[in-house]
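# A look at the structure
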Amino acid sequence: MSLKSLMFGTALAVISATAVTAETWSIAVTDVEGLERLQAEWGPFKTALEAATGETFDFFPVSSRTASAEALRGETIDFVITGPAEYIIINTLTKATPLIGFGRPDYRCAIIVRADANIDSMDDLKGKKVAFGDIGSTSNMLCPMQLMADYGVNPVSDIEKVHTARNIAHEALKAGDVAAIGINEGSWIGSARDKDTSVPYGFFKVLARSGDLPNDMLLAGAHVPAEVQALVRDKIVANKAEIITAITTHEENGKYVGMDLVTIEDASYDVVRSMYTTAGYPQFDKFLGE
């Protein structure tokens, strides 16, 4: 081989290697709409992620959970930050892989009633109106419905269920317009119960509460090479302190204060699949409420 040919071949190899390392990966967050909000709320995370992995990431805004699944299936986005309920549908539609769990402290649901309502067991809710949060929400719908079923009450046929915003549900319970609310306990305490000075703290009681729920997560599209998935997963765990600080910088991510970042597997989310089935949606093939 001539020196000229050798130099040309070496140059091609360098160009090829540069092309591989220069790839940019796209990332979406299912409950954040618009690029401006993404940059404000998750910009520090993106910066920390790039520093930890040596990779480049671009935000990809999505208008809905369905849009995120379609973009994953079309290989338009590579990584998504999402919740447990959303993951079940995304995994069914796209075979995406869970990489890192965002371990939220006190992430559980509860059934809340008025202390003076003579409701002492789940059976006492049969035939009564119960308010839940957003349709399809892990902690504000699916988990409370599963909790009711665990105590022998069918949330599909034994109660009259309604869906409404957290603060509206709180006021409805206070007024006696609903017999109970099924809700994310920590969010209810922080955003409604602790801010309501019109009634004493003991005005409400927890009829039942769940154990800790599976984590929110960072997932990877099925098209992302396995070695890239492993790199992102391992580097996040190795640099978790810096990345956690970056995630919790913005007040909109306050639910993650006190979090941990852990590796996760699909089997950990079978409990959420059971919740879908209990709520009357065993197919896992579409996002509820869209």
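### A look at the confidence of the model for the protein
- Across the protein, the average pLDDT comes to 92, with 92% of residues at 70 or higher.
- Per-residue pLDDT stays below 50 along residues 1-22; that stretch engages in one contact with residues further than four places along the chain or on separate chains.

### Concerning the sheet that holds strand β5 (residues 109-114)
- Read across the sheet, five strands follow the order β7-β6-β8-β5-β9 without closing on themselves; strand pairing throughout is mixed. Both outer strands of the open sheet, β7 (160-163) and β9 (204-209), are each paired with one neighbouring strand and no more. For this sheet, the mean inter-axis angle between neighbouring strands, taken without regard to orientation, is 30°.
- Against the sheet, helix α7 (residues 185-193) touches β5, β8 (180-184) and β9, its axis set at about 105° to β8.

### What to know about the packing of aromatic side chains
- Following the criterion strictly, the structure yields 10 aromatic pairs and no others.
- Measuring from centroid to centroid gives 5.6 Å for Phe 102 and Tyr 256, while their planes differ by 70°, and the two rings are edge-to-face. Pair noted here: Phe 102 is in strand β4 (residues 97-103) and Tyr 256 is in the loop between α9 (240-247) and β11 (260-263), with a separation of 154 residues, a long-range link. We note that Phe 102, like Tyr 256, is buried.
- With 5.6 Å between their ring centres and 90° between their planes, Trp 188 and Phe 204 make a pair best called edge-to-face. Here Trp 188 is found in helix α7, whereas its partner Phe 204 is found in strand β9, with 16 residues between them in sequence.
- One cation-aromatic arrangement involves Lys 46 over Phe 59; the distance from NZ or CZ to the ring centre is 6.0 Å.
- A cation sits over an aromatic face here: Arg 104 above Tyr 107, 3.9 Å from the ring centre.

How each quantity is defined
Residues numbered from 1 in each chain as written. Predicted model: local features only at pLDDT ≥ 70, side-chain atom pairs only at ≥ 80, totals over all residues. Heavy atoms only, no water. pLDDT = per-residue confidence, 0-100. Contact = heavy atoms within 4.5 Å. Pairing = 2+ DSSP bridges. Helix = DSSP H or I, 4+ residues; strand = E, 2+ residues; numbered from the N terminus. Axes fitted to C-alpha atoms, helices over the stretch in contact; angles between N-to-C directions. Phe/Tyr/Trp six-rings, centres within 6.5 Å; stacked < 30°, edge-to-face > 60°. Buried < 20%, exposed > 50% of the residue type's maximum accessible area, 1.4 Å probe, protein only. Lys NZ or Arg CZ within 6 Å of the ring centre and 35° of its normal.

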